[in-house]
Amino acid sequence: MILRPQRHWFVRLFAWHGSVLPDILFRLSLNLMMSLIALASLNWYETLGIKLTLAPFSLLGVSIAVFLGFRNSVCFARFSEARHFLGALLIACRTLQRQVMAVCPADAPRVQRLLLAFCASLKHQLRRTDAREDLTRLLGDEAEGLLQRHSPANVLQLQLSHWLAEQRRQGNISDVVWGNIDNNLNQLAAVLGGCERLASMPVPFAYGLLLHRTVYFFCTLLPFALAPDLHAMTPLVSMFIAYTFLSLDTLAEELEMPFGYENNHLPMDAICTNIEINLREMAGESDLPLPMQPDKYYRLT
Amino acid sequence: MILRPQRHWFVRLFAWHGSVLPDILFRLSLNLMMSLIALASLNWYETLGIKLTLAPFSLLGVSIAVFLGFRNSVCFARFSEARHFLGALLIACRTLQRQVMAVCPADAPRVQRLLLAFCASLKHQLRRTDAREDLTRLLGDEAEGLLQRHSPANVLQLQLSHWLAEQRRQGNISDVVWGNIDNNLNQLAAVLGGCERLASMPVPFAYGLLLHRTVYFFCTLLPFALAPDLHAMTPLVSMFIAYTFLSLDTLAEELEMPFGYENNHLPMDAICTNIEINLREMAGESDLPLPMQPDKYYRLT
Amino acid sequence: MILRPQRHWFVRLFAWHGSVLPDILFRLSLNLMMSLIALASLNWYETLGIKLTLAPFSLLGVSIAVFLGFRNSVCFARFSEARHFLGALLIACRTLQRQVMAVCPADAPRVQRLLLAFCASLKHQLRRTDAREDLTRLLGDEAEGLLQRHSPANVLQLQLSHWLAEQRRQGNISDVVWGNIDNNLNQLAAVLGGCERLASMPVPFAYGLLLHRTVYFFCTLLPFALAPDLHAMTPLVSMFIAYTFLSLDTLAEELEMPFGYENNHLPMDAICTNIEINLREMAGESDLPLPMQPDKYYRLT
Amino acid sequence: MILRPQRHWFVRLFAWHGSVLPDILFRLSLNLMMSLIALASLNWYETLGIKLTLAPFSLLGVSIAVFLGFRNSVCFARFSEARHFLGALLIACRTLQRQVMAVCPADAPRVQRLLLAFCASLKHQLRRTDAREDLTRLLGDEAEGLLQRHSPANVLQLQLSHWLAEQRRQGNISDVVWGNIDNNLNQLAAVLGGCERLASMPVPFAYGLLLHRTVYFFCTLLPFALAPDLHAMTPLVSMFIAYTFLSLDTLAEELEMPFGYENNHLPMDAICTNIEINLREMAGESDLPLPMQPDKYYRLT
Amino acid sequence: MILRPQRHWFVRLFAWHGSVLPDILFRLSLNLMMSLIALASLNWYETLGIKLTLAPFSLLGVSIAVFLGFRNSVCFARFSEARHFLGALLIACRTLQRQVMAVCPADAPRVQRLLLAFCASLKHQLRRTDAREDLTRLLGDEAEGLLQRHSPANVLQLQLSHWLAEQRRQGNISDVVWGNIDNNLNQLAAVLGGCERLASMPVPFAYGLLLHRTVYFFCTLLPFALAPDLHAMTPLVSMFIAYTFLSLDTLAEELEMPFGYENNHLPMDAICTNIEINLREMAGESDLPLPMQPDKYYRLT
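Quick caveat, the model's predicted, so the values are computed rather than measured. (Residues numbered from 1 in each chain as written. Chains lettered and ligands numbered in written order. Predicted model: local features only at pLDDT ≥ 70, side-chain atom pairs only at ≥ 80, totals over all residues. Heavy atoms only, no water.)

1. Overview of the relation of the copies chain B and chain C
Item 1. Overlay of chain B on chain C (RMSD 0.0 Å): rotation 72 degrees, translation along the axis 0.0 Å. In symmetry terms, the pair is related by a five-fold rotation axis.
Item 2. Comparing interface residues between copies, only 7% of those in chain B also sit at the interface in chain C, which points to a heterologous contact through distinct surfaces. (Least-squares fit on C-alpha atoms with pLDDT ≥ 70 in both. Contact = heavy atoms within 4.5 Å.)

2. Notes on the interface of chain B and chain C
Item 1. The interface of chain B with chain C comprises 68 residues on the first partner and 73 residues on the second.
Item 2. For the chain B and chain C pair, buried surface summed over both sides reaches about 6300 Å², with 68% attributable to carbon and sulfur atoms.
Item 3. Applying the counting criterion to the chain B and chain C interface returns 3 salt bridges.
Item 4. Between aspartate 182 of chain B and arginine 98 of chain C there is a salt bridge, with the nearest N and O atoms lying 3.0 Å from each other.
Item 5. Here chain B is connected to chain C by 16 residue pairs in polar contact (both at pLDDT 80 or more).
Item 6. Within the residue set of the side of chain B that touches chain C, elements represented by two or more residues are α2 (21-40), α4 (54-103), α5 (108-127), α8 (152-169), α9 (175-200) and α10 (205-230) of chain B.
Item 7. Of all the elements, α9 of chain B adds the most residues to the side of chain B that touches chain C, at 17 residues. (Buried area = accessible area lost by both parts, 1.4 Å probe. Salt bridge = Lys/Arg side-chain N within 4 Å of Asp/Glu carboxyl O. Polar contact = N/O pair within 3.5 Å; in protein donor to acceptor, adjacent residues only side chain to side chain. Helix = DSSP H or I, 4+ residues; strand = E, 2+ residues; numbered from the N terminus.)

3. Considerations on the relation of the copies chain E and chain D
Item 1. The operation relating chain E to chain D is a screw motion whose rotation component is 72 degrees, with 0.0 Å of axial translation and a residual RMSD of 0.0 Å.
Item 2. An overlap of only 5% is found between the interface residues of chain E and their copies at the interface of chain D, pointing to separate contact surfaces.

4. Notes on the side chain of serine 151 of chain B
Item 1. Along the chain, serine 151 of chain B falls in the loop between α7 (142-147) and α8.
Item 2. Looking at serine 151 of chain B, the relative accessible area reads 2%, which means it is buried.
Item 3. Among residues more than four places away in sequence, those in contact with serine 151 of chain B are Gln125 and Glu196 of chain B together with Arg94, Asn278 and Glu281 of chain C. (Buried < 20%, exposed > 50% of the residue type's maximum accessible area, 1.4 Å probe, protein only.)

5. Here we look at the interface of chain E and chain D
Item 1. Each side of the interface is counted separately: chain E has 73 residues, and chain D has 67 residues.
Item 2. Carbon and sulfur atoms make up 68% of the area that chain E and chain D hide from each other, which totals about 6400 Å².
Item 3. Inspection of the chain E/chain D interface yields 3 salt bridges.
Item 4. For the interface between chain E and chain D, the tally reads 16 residue pairs in polar contact (both at pLDDT 80 or more).
Item 5. Elements that contribute at least two residues to the side of chain E that touches chain D include exactly α1 (9-13), α4 (54-103), α9 (175-200), α10 (205-230), α11 (234-256) and α12 (268-282) of chain E.
Item 6. At 25 residues, the largest contribution of residues to the side of chain E that touches chain D is made by α4 of chain E.

6. Brief notes about α8 of chain B
Residue and element names in this part refer to chain B.
Item 1. Between the first and last C-alpha of α8 there are 25 Å, a value that for 18 residues agrees with the 26 Å anticipated at 1.5 Å per step.
Item 2. Extensive coverage of α8 is indicated by the burial of 14 of its 18 residues.
Item 3. Backbone geometry just downstream of α8 places glycine 171 in the positive-phi region, at approximately 80 degrees. (Expected span 1.5 Å × (residues − 1).)

7. Section: unusual backbone geometry
Excluding glycine, most residues fall at negative phi; most peptide bonds, likewise, are trans.
Item 1. Phi angles above zero are rare outside glycine, and arginine 128 of chain D is one such case at about 55 degrees.
Item 2. Along the chain, arginine 128 of chain D turns up in the loop between α5 (108-127) and α6 (132-139).
Item 3. A positive phi angle is found at histidine 231 of chain E, which is not glycine, with a value near 45 degrees.
Item 4. Take histidine 231 of chain E: it is sitting in the loop between α10 and α11.
Item 5. Residue class for histidine 231 of chain E comes out partly exposed when judged on its relative accessible area of 32%.

8. Re a nonpolar patch on the surface
All names here are of chain A.
Item 1. Taken together, the side chains of Phe26, Leu30, Met33 and Ile37 make up a nonpolar region of the molecular surface, amounting to roughly 380 Å² of accessible area.
Item 2. Along the chain, leucine 30 turns up in helix α2 (residues 21-40).
Item 3. On the accessibility criterion, leucine 30 (36% relative accessible area) is partly exposed. (Patch = residues over 30% accessible without salt bridge, like charges linked within 9 Å, V, L, I, M, F, W, Y side chains within 5 Å. Areas by Shrake-Rupley, 256 points an atom, 1.4 Å probe, with all protein chains shown as cover.)

9. Focus: the packing of α2 of chain B against helix α11 (residues 234-256) of chain B
Residues and elements named next belong to chain B.
Item 1. Relative orientation of the contacting elements α2 and α11 amounts to 150 degrees, with a least axis distance of 9 Å. Regarding the angle of α2 to α11, the classification is roughly antiparallel. α2 and α11 meet at a crossing whose hand is right-handed. Across from Leu21, Asp23, Ile24, Arg27, Leu28, Asn31, Leu32, Ser35, Leu36 and Leu39 in α2, the residues of α11 making contact are Thr234, Pro235, Ser238, Met239, Ala242, Tyr243, Leu246, Ser247, Thr250 and Glu254.
Item 2. Looking at the contact of α2 with α11, its residues break down into 11 nonpolar, 6 polar and 3 charged. (Axes fitted to C-alpha atoms, helices over the stretch in contact; angles between N-to-C directions. Parallel < 35°, antiparallel > 145°, perpendicular 65-115°, else oblique. Left-handed = near helix turned anticlockwise from the far one by under 90°. Nonpolar A, V, L, I, M, F, W, Y, C, P; charged D, E, K, R; others polar.)

10. A closer look at the packing of aromatic side chains
Item 1. Applying the stated rule across the entire model yields 40 aromatic pairs over all chains.
Item 2. Arranged with centres 4.4 Å apart and planes meeting at 80 degrees, the rings of phenylalanine 240 of chain A and phenylalanine 217 of chain E form a pair that is edge-to-face. On the criterion of chain membership, the pair formed by phenylalanine 240 of chain A in helix α11 (residues 234-256) and phenylalanine 217 of chain E in helix α10 is interchain, its members lying in two chains.
Item 3. The class of phenylalanine 240 of chain A is buried, set by a relative accessible area of 7%.
Item 4. A relative accessible area of 31% means that phenylalanine 217 of chain E is categorised as partly exposed.
Item 5. Ring centres 6.4 Å apart and planes at 80 degrees place the aromatic pair phenylalanine 245 of chain A and phenylalanine 67 of chain E in the edge-to-face group. With phenylalanine 245 of chain A in helix α11 and phenylalanine 67 of chain E in helix α4, this pair bridges two chains. (Phe/Tyr/Trp six-rings, centres within 6.5 Å; stacked < 30°, edge-to-face > 60°.)

11. A short note on the side chain of serine 161 of chain E
Item 1. The topology assignment puts serine 161 of chain E in helix α8 (residues 152-169).
Item 2. For serine 161 of chain E, the residues in contact, after removing those within four places along its chain, are Arg98 and Ala102 of chain A together with Leu185 of chain E.

Here it is, written out as structure tokens:
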């Protein structure tokens, strides 16, 4: 199990790493600038008959909040589904190793290596990084051939299937046992297919676009609507509202594609290490890898 | 896996293709016209004792936002369910090919062709396009007979079932193996039935109707309520609010039936090509088709 | 697959059939009357010290919108679940026919008739209409006995089960095949039980009651709160708000019990015809029934 | 199927039974009293400099509406899940009886009695009522022993399992058939475990507490905020808002634990009778019990 | 089944234990202090031209309510999923014991001990407490070896699997029965993996952070916006609003990680005791442990 230290609520208030502040700083400072412009030109543009009151912005702000809430639900659901798949991967690996140890103990070490290579391939495919190092460590010379395939994870799953079919053909396992283990191979296929679906299909582009535009335009005009009432307090209140809306917009976007290295992405390295620890312990090995620890900013990759 | 390039947030702000702007331009210009009429006639109709204040529009606007949020959830759920079915199709095709390669390697090429033809038929059935080209490429002369059937995809699934029953009858596979592979044929049936359900059953018509009417009427009256307060700023604020509401309404409608060629529809060509790449790679073929790439407007069909 | 023509957005704005307008016309005219009363008596009741301002109605209106949104979600979920069950019925019928054609081709015609009779019985049970015509067409003399049973659909499923058990007893199919087909009979049972659950268990009565009361009382008082501000525009704005709230309330109620003949109910006739077309095509028949077409108001029954 | 008459919408407006009005009458009258106090003391406390305006109450009211909406979703989901379990119980009972009639027709009557006793035990366990009468009617002398067990429903399921194991041991059914029926016993176990989970684990206490407190405090202070604007209309508007919020709060609480005898609880007696009618009809019995009918207040227990 | 007494609604209003009041008391008193500062300095800072009006806070407050509602849904879903897993654990344990009693009655006592040890290990792993006492009570000397493993629960599941494989190897059970029981071992694996997922993967840190910051900053500034209107009533209204927002924020955080000893966490001790009572009763034992009772503050651990 991956351990996570908890921070005190007071410390959290001022957290920088792990928050989305760095990502929106530039846009917040744009908002500050607009506030100062609004304050400076207040008297001038009021004489021109240009008036902005807060009432339509209030209507719009609440509407945007409802739509942002919808988008956050959708993007969080993707993040959550991705995490489910990786949890299902751990369960399927444990189950396959357990079943192979029960019916073909002799081949368990090889199956274990294939399973760990499957996990590593999946990780690198989703992150679009190079799987060479991990595959070479686990499979030795076989790695080279795999790396040239379109989808190494799928090929590895096929190898597990070939091994299983071979056992059946040699009469080591009955059709019933074959069917039972094959069903768990299907679990691997479901994890692979599901993760590929998430990685290749973002939320419809127009949602993000629509909310980006609306949020930015809203935050840009807001200071002009606040200035007539709030005067000197305009920058404070305007930046506070902008911070809330921009943060949620940015966070939703970050969670939409949860397989990368951003702060709020899934810690796939830690998850793969955890699977390796589990499978090796089940095989009775004693020199297990150490669980990955968060860095000093409480981040895991 | 289908690759998608990401655009910078600033570039997105001004995206035209992929957004719903082209679809609502006419209605936005209507709204602009109403704003100008409201401004021009402001003094005249106020003398008639006709007054519109923003307060009831604020109440109505928030209500519409809640209902639009509901409709968006419902339509997005359909889009998302459709994407799940296509993901499940990839998984089922891989699994069937894997199982057939394990138990009847000799027939794997024929099964592969039937599976690819199933995918192509499903795509053309959902898009109501002509499947002739794809089916002829995959099945040769058999295609002609299929094209005259009511549901070619269902017939293809039946052929897979016949082939499987034949194997069982000849004693090539046991009842257990038959049952196991047949369960995965059921997955194909579930994908087919699920997609047909989505394509034949829209969200109840009255929802769309109700929101269309409410949104249009709201956007039409809004300028008259804004004009007394905002004067010259009326067109800007009115069009901004109208843009937000009309866009979400339009986008929800686009996602309701996700099997077409619109910007935010599912890239079924790319998905079918991806399935073909996967199945052929599993069969050890080396001249795989290239994955489809988005066009310069980041669109996939 | 059931085909549905699409209407242009402009045409939709003025649709009458398929909308809920006919159902709420009476209540809308009540609202109009209250508006006129409010306008006429405005001066009189203001001198009595009776004042209604919009602010509390705004608070209440947004709250009602949230609760109406909740009720709509719940009722739409029932509609959607019902549609899922009917989709699952198509899938289960196809799968059962497919499996029976694979293992007992001789009995396929009889099983097909029983499946179609099951669909027809389910439809008539849910709609509380007379199944005599459909059952006689499909089963001939057997229909009479069925019609006197409490749940003909359940009895038909039992007959399928008896037929299957008989095959097993005679050694035509092994226990494994029996189990496999029996699992798909369970799918029929799940559809039957699920539809019965929806039809016999509405949303808790108090939800509908509470929203009815709140919406009606709100719409009745609203004109008195609008009149002091809007004067002559009161009827227009008041009826618009009332239209939005009453429509959603009415639509939710219509979707709560989706098995009838209302505009937004499920087109069960079309769905049953579609199942019949599919099963007959699978059996190689050529004189298939025609798919049902929507009438000129775009309605299917 | 359980039948439910429908009431006309106008009749519903004045329904008393089945609504939550009786439960909140006391609190509504408290609210009326506060309104009168607020009106009477309006001049006095305004001279003291104590002012309450509607704006912060509007903010708070909308927030409470959002949170009440959340709590209602959660509690309704429990109600709905409970109804699903009871629907699954009907399906599982039908399926088990169907399978037993197919493979061991001789023992079907005994299995039927055990299934009906399971349903009755479950009902009485969830309602914490005495199962003696029902169990004695169904099982005769065996009932006494059961009533002294911690969980009679679980023991009955174990007896079904023992019977099934005995059939397998005597060679009446093969391992495959045993596995198939045993899977449906697992459905019973899932229903039992799921209902116990719902009954033993309420929504976290703090949610209800928080909303109770907030709603009551809000309703108590509201008249003081309404009085300065609405004068004589304060009691009417205040009680209307209080009615909406208190009703939803009360209804959510009622649905949280849906296994009792309240108006909006599940009609478990009718559901159990319905299962009995179904199982007996399947066995070919003709003197079936009558379906339970709602009383004159449209209530079923 | 775990019993829970119900408290009267009036008593609840003043409940202290079980509420989140103790956790937010410090922050509420900070809010009170800010209210007093706002009141005291009202005249002074208004002369400086610093003005805060309620309108932007109203917009912000409603937005925060929407986002808090979202976060509460997410955190409650975790709590609810965790409760589902523990319910599934009870069902899986009952089913495994039932199946083992049916096919290998002789080994049932040992399997029961392993199952109970699995539950205890899971509980201690999730709570990060010492499992020594529980494991020693259940397994005697075997406990020592288990306690040194990385994941004792996983090892125990492996021992169950070894036992089952041994039965199969000795020919006591057929492959079909092995597959059937093994599927239920997979249920244990799913519970273990699911709980580990919940415990190791919180909601993305940035959500909590964002809402903490927004809620605290909002509550801090609120008194300054309320003071100009409400004067002496500022502390009361401000603390009421702060109470609502801070409570929901705190409660969401508490439910995010539901495996601890907080008031609203899952009563894992009671759940494990309940499983033990059930399994022992199934085995026919008569000296069952007593169900755990809530303490006088209605808390279960």
